[in-house]
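A structural walkthrough
Listed below, chain by chain, are the residues.
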Amino acid sequence: ISPLLFGGVLEGTLVTSACATVGASVNFLLGKNFLQEQVGNFSVFGSLPIKEQEWFHRLNRKVSKEPFKSALLIRLAPILPIPLDGHWYVCGVTPMTLANFVTAYFIGTLKVAFIDASL
């Protein structure tokens, strides 16, 4: 429906990607500014809290070295052992900057948005 609303496949793709990026960025900023403690203490199915998980420590090290690449890979292949919507909060708890997150998320969203707009 986005091509009909926004004038074409390209326009629909860009608007869809931009809107998805804004929504994910809100989650990122909530994680970065307000939910550090809650995200760190979040536990899935009785496992250790996220801040004590080995994957989280590895993610922090990777984000410190390659923040853009890390954000893009998490967007393209969300394999963290947490619910999908939680990825963006977790990114906010890492040393990743908002600029790296927004750029990587927008680029990572383009493929899915284009496919949706083309159908």
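Above: the structure in question.
Just so it is clear, the structure is predicted and the values come from calculations on it, not from any experiment.

1. Quick notes on the packing of helix α2 (residues 9–33) against helix α7 (residues 98–118)
α7 packs onto α2 with a crossing angle of 140 degrees between their chain directions and a minimal axis gap of 7 Å. Between α2 and α7, the crossing angle belongs to the class labelled oblique. Two packed elements cross with a definite hand, and for α2 against α7 that hand is right-handed. Classifying every residue of the contact of α2 with α7 by side-chain character gives 16 nonpolar, 8 polar and no charged.

2. Topic: the pattern of salt bridges
Scanning all chains against the criterion turns up 5 salt bridges. Two residues, Lys 51 and Glu 37, come together in a salt bridge whose shortest N-O distance is 3.7 Å. With Lys 51 in the loop between α3 (36–41) and α4 (54–65) and Glu 37 in helix α3, this residue pair connects regions lying 14 residues apart in the sequence. The residue Glu 66 makes a salt bridge to Lys 62 at a minimum N-O spacing of 2.7 Å. With a relative accessible area of 28%, Glu 66 lands in the partly exposed category. Look at Lys 62 and you get partly exposed, because its relative accessible area is 36%. Counted as one network, the salt bridges with shared partners bring together Glu 54, Arg 58 and Arg 61.

3. So, the packing of helix α5 (residues 67–76) against α7
Following both chains from N to C, one finds α5 and α7 inclined at 35 degrees, their axes separated by 8 Å at the closest point. Between α5 and α7 lies a crossing of right-handed hand. Residue-level contacts link Pro 67, Phe 68, Ala 71, Leu 72, Arg 75 and Leu 76 of α5 to Asn 100, Phe 101, Thr 103, Ala 104, Tyr 105, Ile 107, Gly 108 and Thr 109 of α7. Looking at the contact of α5 with α7 residue by residue, the class counts come to 9 nonpolar, 4 polar and 1 charged.

About the criteria used
- Residues numbered from 1 in each chain as written.
- Predicted model: local features only at pLDDT ≥ 70, side-chain atom pairs only at ≥ 80, totals over all residues.
- Heavy atoms only, no water.
- Axes fitted to C-alpha atoms, helices over the stretch in contact; angles between N-to-C directions.
- Helix = DSSP H or I, 4+ residues; strand = E, 2+ residues; numbered from the N terminus.
- Parallel < 35°, antiparallel > 145°, perpendicular 65-115°, else oblique.
- Left-handed = near helix turned anticlockwise from the far one by under 90°.
- Nonpolar A, V, L, I, M, F, W, Y, C, P; charged D, E, K, R; others polar.
- Salt bridge = Lys/Arg side-chain N within 4 Å of Asp/Glu carboxyl O.
- Buried < 20%, exposed > 50% of the residue type's maximum accessible area, 1.4 Å probe, protein only.
- Contact = heavy atoms within 4.5 Å.

None of this, on its own, says anything about what the molecule does.
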